[in-house]
Amino acid sequence: PYPLGVEPGNQGKGSGQDDDGGGEAGGDPWWREKLDFADWIDALKYDALKKRQVWKSAQVVEVGMDDAIKIKYADSYTEVWTKRGSDDIAPGGSKTSKAEEGWREELNTSSFIDCQDTYNKWYNATVIDTSSGTFANGTEYKKVHVAYRIFCPDGDKEDPLGRRFVGWSED
């Protein structure tokens, strides 16, 4: 679950001042040099409600020139450029709690979720299938097939297995 074989540390959350194993404070910067497309890291993000920066899980979505990487936060569509050597990034799982991010791993067939479509509209949805995959760097991930529907006896539609539901007919 942790990219590049990084094991989570027990550093504090949210301060930005802890030694993350690769900043100026010391440690081994090996993980920064190996960052690549689709790797998961922890990164600082400003939280308007808390009025401070907090650590969030993020994924590398582009690798640029001069040690620049573009990251996308797991909890939003926000993408930002940063440097590999920035103190605002840390190894995946070292600043965020596993409980905070781990709910996705618990999803299975028939799980009820709220799901956002590509137009940013939220729907009730059901996981109808799960599978796994592996990124080019060897990191494994879980895939879920989501249908914008909720199964119920009073549903006005029926799937190929005869289960009644409300929501979208297309998977």
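A brief look at the structure comes next. As the structure is a prediction and not an experimental result, all values here were calculated from the model. (Residues numbered from 1 in each chain as written. Predicted model: local features only at pLDDT ≥ 70, side-chain atom pairs only at ≥ 80, totals over all residues. Heavy atoms only, no water.)

Strands belonging to one sheet form pairs held by backbone hydrogen bonds; the direction of such a pair is parallel or antiparallel. Read across the sheet, 3 strands follow the order β6-β7-β8 without closing on themselves; strand pairing throughout is antiparallel. Pairing within the sheet leaves two strands with one partner each, and these edge strands are β6 (112–116) and β8 (140–147). Between one strand axis and the next, the sheet turns by 60 degrees as a mean value, whatever way the strands run. Taken together, the 8 bridges between strand β7 (residues 122–134) and β8 define a ladder with antiparallel strand orientation. Residue pairing for β8: Asp129 is matched across the bridge by His145. (Pairing = 2+ DSSP bridges. Helix = DSSP H or I, 4+ residues; strand = E, 2+ residues; numbered from the N terminus. Axes fitted to C-alpha atoms, helices over the stretch in contact; angles between N-to-C directions.)

Moving on: unusual backbone geometry. Phi is positive for Asp67, which is not a glycine, with a value near 65 degrees. Structurally, Asp67 is set in the loop between β2 (52–63) and β3 (68–73). Residues other than glycine seldom take positive phi values, yet Ser110 does so here, at roughly 85 degrees. Topologically, Ser110 is positioned in the loop between α2 (98–101) and β6.

Okay, the nonpolar core next. Trp31, Leu35, Ile41, Ala43, Ala58, Val60, Ile69, Ile71, Tyr73 and Ile89 form the largest nonpolar core, which has 10 residues in total. For this core, the secondary structure elements donating two or more residues are β1 (40–47), β2 and β3. Among the nonpolar cores identified, the runner-up in size contains 6 residues, and Cys115, Ala125, Val127 and Val146 belong to it. (Core = buried A, V, L, I, M, F, W, Y, C linked by side-chain atoms within 4.5 Å. Buried < 20%, exposed > 50% of the residue type's maximum accessible area, 1.4 Å probe, protein only.)

Moving on: the sheet that holds strand β9 (residues 149–151). The sheet built from 3 strands is open, its strands ordered β9-β11-β10 with antiparallel pairing. Each edge of the open sheet is held by one strand with a lone partner, namely β9 and β10 (157–158).

Its place among the elements puts Lys70 in strand β3. Sequence-distant contacts of Lys70, defined by excluding residues within four places in its chain, comprise Gln59, Val60, Val61, Glu62, Glu79, Val80 and Trp81. (Contact = heavy atoms within 4.5 Å.)

For the structure on display, the rule yields 7 salt bridges. Ionic pairing is found between Lys45 and Asp75, a salt bridge with its closest N-O pair at 3.2 Å. On the criterion of sequence distance, the pair formed by Lys45 in strand β1 and Asp75 in the loop between β3 and β4 (79–83) is long-range, its members being 30 residues apart. Among the ionic pairs, Lys70 bridges to Glu79, the shortest N-O distance being 3.6 Å. Overall, Lys70 belongs to the buried group, its relative accessible area being 18%. (Salt bridge = Lys/Arg side-chain N within 4 Å of Asp/Glu carboxyl O.)

Right, let's get into the pairing of β6. What you see with β6 is a clean split: Ile113 and Cys115 sit on the buried side and Phe112, Asp114 and Gln116 on the side with no burial. As defined by bridge partners, β6 adjoins β7 across 5 bridges and the pair is classed as antiparallel. In the sheet register, Gln116 faces β7, and the bridge partner there is Trp122.

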